[in-house]
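A closer look at the structure
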Amino acid sequence: MFVPARFSEGQQALEALLARDAFVTLVSSVEGEPFATHLPVRAERDGERFVLRGHLARANPQWRCLAGQTVLVIVHGPHAYVSPTWYAQPDHSVPTWNYTAAHLYGTVRLIDDPASLLALVADLAAHYEEGIGSDWRFPGSAPETARELAGIVGFEFEAHASRSSTNSTSITTPPACAAPSTACAHMAITRAGKSPR
């Protein structure tokens, strides 16, 4: 990931990005070819370690090849097109794209024993249920639980290096908007850091 020096971000920005949206892309090599899986994770600082925990479907071949290789986790943040028409002098401007993203590099430890897998899924579910105001919890003692857990493999990703970037165009001159418009409203949202993905 190429990151211009002026756009680099620190650890706090990374953790804020994951708190906003922890649906990441896990990239590794499977039989010599790049392979990617999109999945939710739970980010956590464990002492000096920064880890992500999640799980993959057991039918997904990626988990069988994770051990022993450095893998990439892509964290996706908000992004939006920036039109030259949003500037007072659009003929002297160029289109660009505002975005925030992070690349984490590290290793994976698989989690496959039933007790640890149950704890991982329960924690992940509780975290995201709380986020929507729900008190539902993963039914660890339900008859179907063992069968459901048998269909997944858990993992813990430990980040050894990261690169984060926020490419945010500085707009010092208000756009030439004679009346409210979708474009101007979109730019205002983007500048506030609340642009939809």
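None of these values were measured; they are calculated from a predicted model. (Residues numbered from 1 in each chain as written. Predicted model: local features only at pLDDT ≥ 70, side-chain atom pairs only at ≥ 80, totals over all residues. Heavy atoms only, no water.)

1. Section: the overall build of the protein
- A tally of helices and strands in the protein yields four helices and seven strands.
- Start at the N end of the protein and walk to the C end: the helices and strands fall as α-β-β-β-β-β-β-α-α-β-α.
- The buried share of the protein, reckoned over its 197 residues, is 37%.
- Excluding contacts between residues fewer than 6 apart, the proportion of contacts in the protein whose partners are at least 24 apart in sequence is 73%.
- Counting every atom, the protein has about 11300 Å² of accessible surface; 56% of that belongs to carbon and sulfur. (Helix = DSSP H or I, 4+ residues; strand = E, 2+ residues; numbered from the N terminus. Buried < 20%, exposed > 50% of the residue type's maximum accessible area, 1.4 Å probe, protein only. Contact = heavy atoms within 4.5 Å. Areas by Shrake-Rupley, 256 points an atom, 1.4 Å probe, with all protein chains shown as cover.)

2. Quick look at the nonpolar core
- Formed by 23 residues in total, the largest nonpolar core has its most connected members in Leu18, Leu52, Val73, Val75, Leu104 and Phe157.
- Within the residue set of this core, elements represented by two or more residues are α1 (11–20), β1 (23–30), β4 (49–57), β5 (71–82), β6 (96–111) and β7 (152–167).
- Considering every element that reaches this core, the biggest residue donor is β7, with four residues.
- Among residues more than four places away in sequence, those in contact with Val75 are Leu17, Leu18, Asp21, Val24, Ala101, Ala102 and Leu104.
- In this structure, Ile111, Leu120, Val121 and Ile152 belong to the second largest nonpolar core, which totals six residues. (Core = buried A, V, L, I, M, F, W, Y, C linked by side-chain atoms within 4.5 Å.)

3. Things to note about the pattern of salt bridges
- One pass over the structure, following the stated rule, counts twelve salt bridges.
- Linked through salt bridges whose partners overlap, the residues forming this network are Glu44, Asp46, Arg49, Arg53, Arg109, Glu156 and Glu158. (Salt bridge = Lys/Arg side-chain N within 4 Å of Asp/Glu carboxyl O.)

4. Things to note about the side chain of Thr25
- Among the structural elements, Thr25 can be located in strand β1.
- Residues within four places of Thr25 in sequence aside, it is in contact with Ala36, Thr37, His38, Leu72, Val73, Ile74 and His76.

5. A closer look at the environment of Cys65
- Assignment of secondary structure puts Cys65 in the loop between β4 and β5.
- A C-alpha to C-alpha distance of 8.0 Å links Cys65 and Glu31, two positions 34 residues apart in sequence.
- Excluding residues that lie within four positions of it along the chain, Cys65 makes contacts with Ser29 and Val30.

6. Observations concerning the sheet that holds β4
- Read from one edge of the open sheet, seven strands run β2-β1-β5-β6-β7-β4-β3, paired in antiparallel fashion. Each having just a single partner strand, β2 (33–40) and β3 (42–46) make up the two edges of the open sheet. The mean inter-strand angle of the sheet, taken between neighbouring strand axes irrespective of direction, is 35 degrees.
- By the bridge criterion, five bridges tie β3 to β4 in an arrangement that is antiparallel. Across the sheet, residue Arg45 finds its bridge partner in β4, namely Phe50. (Pairing = 2+ DSSP bridges. Axes fitted to C-alpha atoms, helices over the stretch in contact; angles between N-to-C directions.)

7. Topic: the packing of aromatic side chains
- Enumeration according to the criterion identifies one aromatic pair in this entry.
- In this structure, Arg58 is placed above the aromatic ring of Trp63, and the distance from its NZ or CZ to the ring centre is 5.6 Å. (Phe/Tyr/Trp six-rings, centres within 6.5 Å; stacked < 30°, edge-to-face > 60°. Lys NZ or Arg CZ within 6 Å of the ring centre and 35° of its normal.)

8. Quick notes on unusual backbone geometry
- One non-glycine residue, Glu31, lies in positive phi territory at about 55 degrees.
- Note on Glu31: relative accessible area 77%, which makes it exposed.

9. So, the pairing of β2
- In the sheet, β1 pairs with β2 via eight bridges, with the strands oriented antiparallel. Considered in β2, the bridge of Leu26 is made with Thr37.

10. Focus on the environment of His79
- Summarising the element assignment, His79 is placed in strand β5.
- Along the backbone, His79 and Thr100 are 21 residues apart, and their C-alpha atoms lie at a distance of 6.5 Å.
- One polar contact links His79 to Trp97, side chain to side chain, over a distance of 3.2 Å. (Polar contact = N/O pair within 3.5 Å; in protein donor to acceptor, adjacent residues only side chain to side chain.)

11. What to know about α1
- For α1, every residue scored as buried is listed here: Leu14, Leu17 and Leu18. All buried residues of α1 lie within an arc of 95 degrees about the axis, which places them on one face of the element. Exposed residues lying more than 90 degrees from the buried face of α1 are Gln12 and Ala19.
- On the buried face of α1, the contacting elements are β1, β3, β4, β5, β6 and β7. (Arc of directions from axis to C-beta.)

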